[in-house]
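Next come the chains, spelled out residue by residue.
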Protein chains: 2
Amino acid sequence: MNKKFVYLFSEGNGAMRELLGGKGANLAEMTRLGMPVPQGFTITTEACFQYYANGETISSELEEAVYGYISKLEEITGKTFGGLENPLLVSVRSGAVDSMPGMMDTILNLGLNNQVVISFAEATGNPRFAYDSYRRFIQMYGDVVMEVPKKRFDALLEHMKEERGVSLDTELTADDLKTLVEQFQAVYKDALGVEFPQDPKLQLMGAIAAVFRSWYNPRAVSYRRMYGISADGGTAVNVQSMVFGNMGTDSGTGVAFSRNPSTGAKRIYGEFLTNAQGEDVVAGIRTPLPIEQLADVMPEIYDQLFLIGDKLERHYRDMQDMEFTIERGKLYMLQTRSGKRTVLSALKIAVDLVSEWLCTKDEALLKIDPKQLDNLLHPQFDAEALAAAKPISHGLAASPGAACGGIYFTAEDCKAAAAHGPTLLVRIETSPEDIEGMHASKGVLTARGGMTSHAAVVARGMGICCVSGCGELRIDEEAKTLTVGDHVFKEGDFLSLDGSTGYVYSGQMKTVPASVSGYFATIMEWADEVRTLKVRANADNPQDAAVARRFGAEGIGLARTEHMFFEPDRLPVVQEMILSTTVEQRERALEKLLPMQRADFEGIYETMQGHPVTIRLLDPPLHEFLPHQEEDLRALAKEMGLGYDALLASIDALKEVNPMMGHRGCRLSVTYPEIAAMQTRAIIEAAIRVKQAKGYDIVPEIMIPLISHVDELTYVKRIITKTADAVIAESGVALDYQVGTMIELPRAALTADELARESAFFSFGTNDLTQMTFGLSRDDAGKFLEQYYQKKILDFDPFSRLDQAGVGKLIETAVKLGRTARPELKLGLCGEHGGDARSVSFCHHVGLDYVSCSPYRVPIARLAAAQAAIRKRMGIIE
Amino acid sequence: MNKKFVYLFSEGNGAMRELLGGKGANLAEMTRLGMPVPQGFTITTEACFQYYANGETISSELEEAVYGYISKLEEITGKTFGGLENPLLVSVRSGAVDSMPGMMDTILNLGLNNQVVISFAEATGNPRFAYDSYRRFIQMYGDVVMEVPKKRFDALLEHMKEERGVSLDTELTADDLKTLVEQFQAVYKDALGVEFPQDPKLQLMGAIAAVFRSWYNPRAVSYRRMYGISADGGTAVNVQSMVFGNMGTDSGTGVAFSRNPSTGAKRIYGEFLTNAQGEDVVAGIRTPLPIEQLADVMPEIYDQLFLIGDKLERHYRDMQDMEFTIERGKLYMLQTRSGKRTVLSALKIAVDLVSEWLCTKDEALLKIDPKQLDNLLHPQFDAEALAAAKPISHGLAASPGAACGGIYFTAEDCKAAAAHGPTLLVRIETSPEDIEGMHASKGVLTARGGMTSHAAVVARGMGICCVSGCGELRIDEEAKTLTVGDHVFKEGDFLSLDGSTGYVYSGQMKTVPASVSGYFATIMEWADEVRTLKVRANADNPQDAAVARRFGAEGIGLARTEHMFFEPDRLPVVQEMILSTTVEQRERALEKLLPMQRADFEGIYETMQGHPVTIRLLDPPLHEFLPHQEEDLRALAKEMGLGYDALLASIDALKEVNPMMGHRGCRLSVTYPEIAAMQTRAIIEAAIRVKQAKGYDIVPEIMIPLISHVDELTYVKRIITKTADAVIAESGVALDYQVGTMIELPRAALTADELARESAFFSFGTNDLTQMTFGLSRDDAGKFLEQYYQKKILDFDPFSRLDQAGVGKLIETAVKLGRTARPELKLGLCGEHGGDARSVSFCHHVGLDYVSCSPYRVPIARLAAAQAAIRKRMGIIE
């Protein structure tokens, strides 16, 4: 039996998302609900999978099925595909399971050819419109399907406009456009050696294949990686009969949200243009009108749209983002989906939906993308600085948040400069090609485009700040200058953008940290009610610890003692310690470090007020602490009373071929037990002092890094317990402490039962564990990973998102072995994955006690942990 | 109930080796067999374990038990411990499960004190002997138990000899020795602040603790690592009543082997000294007499010894190494054990024992240490060169084989120089402190000592060549010179040693490769009959492949294509390929490499005559192929038509922080598919040519390195199959080929089911797998691993012997997952572990199809594979 690869909209429904893609399922659902949808059919994601499995060819089986459905569509519409009377024109659009707006390809007006266009002109009574549609189709088909450079068509269009002495496309006549159609077909033939296809069925097959192929275009690959979408899904293809918003003043097109996607206000929101096609709205070429004005222009349409929006929101129990077209006074719904929204509106909408009895708290929590919270967790402009500042310009507040950075005029420049400092992307208007440059930037500033322009939509999705449509800016992308009035800003000059107000300031404005309040606080409260996974933070000093507490961290999961070593007043002592040639010399240097480290720990304990603190012993290779510049080296040699050459020789002896797998972690404690002893003393003495002074019940958790073998652990643990017990005995103050280990080497995970017998806790160091499991150096992978994405080998960065199939398997093994050997074993994770929602979810499912992440990601982890608990309870498999 | 920690010799037996150690079990067995053994008792290895578990203290429980057994020993011997009449003196000796001759501590004559020595002098009627025994005891106790520097005692002895104007110890009088006893006691008190202990019970406890502690002395740790003995076992302690071989001419001591340990001849073999103690024989201070002469001196004793030797050999079904003492005309057996033997004698003895019906072929195979075969697999001197050469000196042929090397006069110098070239250790005589220097050397040359001297015994055990007792050499260890006649050799000068003849030659003599013949061939034949694990070799060129075939390799498991790249005529082309900036440029360079690689593969296929050949695609990071010296760089820049700075910049861009985890292996094929395509073409074209020319049925096995993810594998495999299929189609010759993957990253092992679906075979690359599993860079580990051994954290080098608990677990996982996904999957191992007997055994047990090792280790692997099969069949757990 053949698989069913094609579904009429009337055959599907909203639950068939996996098979029909998001757009297809929702078109089917709207059809089912009796809403006005131009009819069509959806080719399934399974067909896309088959296309790739067959070496990128469309099977004859699928081809036959599509032709069959074209016939059905002809019946439904009463039009004929390729027919000279009442011709059926269709759009061919992608539609993946997860929405990827603008990332893949679309072909409109398909079905036109040299004959059909004549009857189409007659049927519409509008030859200008017919030939314009045809020339657009040829251009789109040539560009998207056959990869004829778009600019070859554009050049002809520009040339025609010049020749006619007009500046707008709309000023060209039907005859001009007819000529262009001929010229476009000539370009097509010149580029490809064949005529532009006249058979609509061939056109259709070409377009379908192009949409399938666009699943792997670089933009889509990059978008998926950015949003953590798997490449396995593939895209469905929607073939839909065309409706036209550009057939006169009784026509139009627009986008509407059932609530305000920027503020969350419960009021229909959107933009429309009369006598226009959808792309005109999105591209930001003409400035659209607010949706409220539709009530004046076409009151009945407005009411109908309002009712549909309300119904869809209640039906989907979420804010909807809808596209519509009005063709000669009749409303058609082209799309609905859960609307992308700013994090502020996401929080408000979630809380409002609960108070409106539209959904439960659990459902509300699931509506918020934890990653988006990131946006709220970055600094805002300092209120005083803001009051004192005079903006240089004002645009649309397209995506909230504050950002300062050097300005760059191309995506490439932005990407390159972002490695060295914060950047802002400045463009006349953005296009999908800019997406990686936007991702690398703190904010986006455009001269053109509205609230739903490409720049605005994408920036909101990414959670970066955006000021769009800032019309008074003169941007010269060639010269790389931005001019406001008579002030010229050059590449690299600093600007400050306030995406919440739309103001632009020159220079770098002072920012203040974010806080959790209002709707955000409510959501966090709900999240804390349901989650079972605890959230700690990685913090190396009292300042970071304070931020962590403010964001709700329940402890510190990783305090890196080496970060303290880099402080300028300590580095010389650390260097002295490293370059010591005898144990005695080293102990003298350590003695100087002891009070400094102790003071660090005291500050952290005081801030954490008795919440648990895990402190990791010195981890990095010692050569990291030594200078590289000759002048620094000479200064150090002088200070150490060493010859310059002797110093160089010492430093040379410390160099390593593969430092990541070299003399670091617990290996330092094995060769220099006195370092571990000093650090233990500082940890315990600080705890005793703070306990005595403040009365907090502190139980320091001392963590040993880079353990591969149980005998390393017992050796280092012996140093720790010997020192700690002696310090406690000296002090006469009772103090409990725990000794545990990082699990960051595969061998540690594989022998976790042995390690558990000697450890009070495990903390999975997934940064190193990922490096070792893949045999992949994070510092070097950048050079070739890009090719891995392009070549479909990896679809996410395993250093950002935990690789469950490999690294996750080791974690599962370690959890099982560890808990069997020691049922009360405490389990945590302290890699960067602790702030990634999917990885947090994995941690919940695998049974960890806590995750520890950057202080600024604590709320993300709290929400992700709640979502994981809810999904598990609901039986949703991730 | 208390554990039984002590056994009389009469309570034990030979099967109790684990508990009583080898020496203790055999003393008990000889007692059981009614042989003349000085009675005593053994403190178990469990007591040693308890000693360490108790923080290096002897429990009062053990102390009580020992005193009880002293009472029993008093009853048996009729002597009194510490008694003034007929005092009981004892020896305290270590005895581990695995024999570790000379590695641990021994104390003799224990029980003497200032009173007892008087009655002992009376009882023996020999005050000189009594005081000599006492001063030896004080010296040994001070040195071994209390760590008073031995040289402080030696200095006093030398001083006394000078004062008395004598040159031998034996020329000192009883009074001289009595004075020395007083002086030694004064040194003891001066060093330790307490009197020399007079209570024999305290002496005994001190000695027992010292023997326990000696389990971890550096020599023992180093010996265990060298022979792969686990540190877990601990040592037993044997307390035995003393007998004295130095009580006159009717007394003596010696060592006897039931067969010749050097040649394997079936004839009693050994040495003895009259009026001497055991240490005099072993230390090589007096040159002992051949055992045959005992028949003249003490014919009855000789007959008795001969019968005992024969009985013990039949009883243990193996050649025995026995120590005996004759006290006033009565023979006492002090030890028997399976004798260490040269590999040649091991092979002959094994074959002989089978033909004498003393054991089965399987048992015979188990008697040979596979590692020892190494000795036979190194070159011998070229016969012609040997005939033409004039030796400069002649000593004892103490350990066979030929060796050339620079001469060094201390173990440290040898170790240091061995990194740069072959070395010979030259010493007046060796001692246990020299063991690491010997290990680092190709051979040992001594001026003093017999066939059972330290140098001879240890060299045979290590399988390195030794010429001992070369009396005409004048060795000045201070000046670092060796003088023969009037020729002076300095440190670093080359000598050649023939350990099979005892001749010493100056300079470097030509050597010829070893071959498998005679007894060796018989044993290999037997091994091949029982083993099921196949053995392949790692070989990169036809020469190595020919050696591999000669040693019985059944195929090539790893041909590294990059080794071919380093050939001087190719390197410039390789560099051109690497520094190409366009695909076209790179393809031009690859085109030049193609015929070279194809010729390499043709040569290998021809040599292997249809046996399987696995070829690995390019693996190392490209920067390895680039020059480092400025002049080479300038030459290359010129050749490439590049600016010097541009070249430096290109090379700089290739540099990596952690090259081991960087851009190498299949990652090169992902970024430069054209390299993989060229190599595939070379592999397939060569196979087709050789198949056509010779008719061999060649099925090339193309192996992809460093796979971590199945999608890497499918990507590279697609390049390979596309190229290979095209080449085969072009040629019109039918050819099968296979594509497989290395499993050398943890993630590959963890996802082996996915990989198996795309692989015809797996080859475990255990070098890299060990690095990644431990997170340990082989290039950097040297700096700290020594401390790991000293601190009891690791007891073997995981790069030499497979870590079964960690790396082995990954292999087991991969085998299971792989075979489940593809039952016919071919499994092999191609790390250096393939030539290590224990690791080979693991491979057998885990169900691999083959191991692949260096050509010179193929016979080792064949024997190890046979032993594993036999042990498995016999139910012996390893």
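Criteria and cut-off values
- Residues numbered from 1 in each chain as written.
- Chains lettered and ligands numbered in written order.
- Predicted model: local features only at pLDDT ≥ 70, side-chain atom pairs only at ≥ 80, totals over all residues.
- Heavy atoms only, no water.
- Pairing = 2+ DSSP bridges.
- Helix = DSSP H or I, 4+ residues; strand = E, 2+ residues; numbered from the N terminus.
- Axes fitted to C-alpha atoms, helices over the stretch in contact; angles between N-to-C directions.
- Contact = heavy atoms within 4.5 Å.
- Buried < 20%, exposed > 50% of the residue type's maximum accessible area, 1.4 Å probe, protein only.
- Phe/Tyr/Trp six-rings, centres within 6.5 Å; stacked < 30°, edge-to-face > 60°.
- Lys NZ or Arg CZ within 6 Å of the ring centre and 35° of its normal.
- Salt bridge = Lys/Arg side-chain N within 4 Å of Asp/Glu carboxyl O.

Here we come to the sheet that holds strand β1 (residues 6–8) of chain B. Residue and element names in this part refer to chain B. What the five strands build is an open sheet, ordered β1-β2-β7-β5-β6; its pairing is antiparallel. The two strands at the open ends of the sheet, each matched to only one other strand, are β1 and β6 (106–110). Each strand of the sheet is rotated relative to its neighbour by a mean of 20°, with strand direction disregarded. Two strands pair when backbone bridges link them, and strand β5 (residues 90–96) and strand β7 (residues 235–241) are joined in this way by seven bridges, in the antiparallel orientation. Looking at β7, one finds that V90 is bridged to S241. Its contacts with the sheet put helix α8 (residues 200–214) on β2 (40–43), β5, β6 and β7, and the angle it makes with β7 is roughly 145°.

Residue and element names in this part refer to chain A. The eight strands lie next to each other as β14-β24-β23-β16-β17-β18-β19-β15, forming an open sheet whose pairing is mixed. Two strands bound the open sheet, and with one partner strand each, they are β14 (393–394) and β15 (396–399). Here helix α17 (residues 411–418) sits on the sheet and contacts β16 (402–408) and β17 (423–427); the angle it forms with β17, its principal contact strand, is near 175°.

Now for the pairing of strand β5 (residues 90–96) of chain A. All names here are of chain A. Of all seven residues that make up β5, seven are buried, and the element is covered over most of its length. Of the two faces of β5, the one lined by V90, V92, S94 and A96 and the one lined by S91, R93 and G95 are each fully buried. As paired strands, β5 and strand β6 (residues 106–110) are joined by three bridges and run antiparallel to one another. Bridge pairing in β6 links V92 to I107.

In this section: the packing of aromatic side chains. A full pass over the atoms with the stated rule returns 40 aromatic pairs over all chains. When the centroid spacing of 5.1 Å and the interplanar angle of 80° are considered together, the rings of Y188 of chain A and F196 of chain A count as edge-to-face. The exposure class assigned to F196 of chain A is buried, which follows from its relative accessible area of 1%. Between the aromatic rings of F257 of chain A and Y269 of chain A, the centroid separation amounts to 6.3 Å while the plane-to-plane angle is 55°, which identifies the pairing as tilted. Of this pair, F257 of chain A sits in strand β8 (residues 252–257) while Y269 of chain A sits in strand β9 (residues 269–274), and the two are 12 residues apart along the sequence. Both residues of the pair, F257 of chain A and Y269 of chain A, count as buried. Among the aromatic side chains, those forming a connected cluster through ring pairs are Y134, F137, Y141, Y188 and F196 of chain A. Above the ring of W215 of chain B, the side-chain terminus of R224 of chain B is found at 3.9 Å from the ring centroid.

Residues and elements named next belong to chain A. In this structure the tally under the stated criterion is 104 salt bridges over all chains. Across the pair E630 and R634 runs a salt bridge, and its minimum N-O distance is 3.0 Å. With E630 and R634 both in helix α25 (residues 630–640) and four residues apart, the pair spans about one turn of that helix. Look at E630 and you get partly exposed, because its relative accessible area is 45%. The partly exposed category is assigned to R634, whose relative accessible area is 44%. With a shortest N-O distance of 2.7 Å, D768 and R664 are connected by a salt bridge. Residue D768 is found in helix α32 (residues 766–774), and its partner R664 is found in the loop between α26 (644–654) and α27 (666–671); the two are separated by 104 residues along the sequence.

Interpretation in functional terms is not warranted from these geometric data alone.
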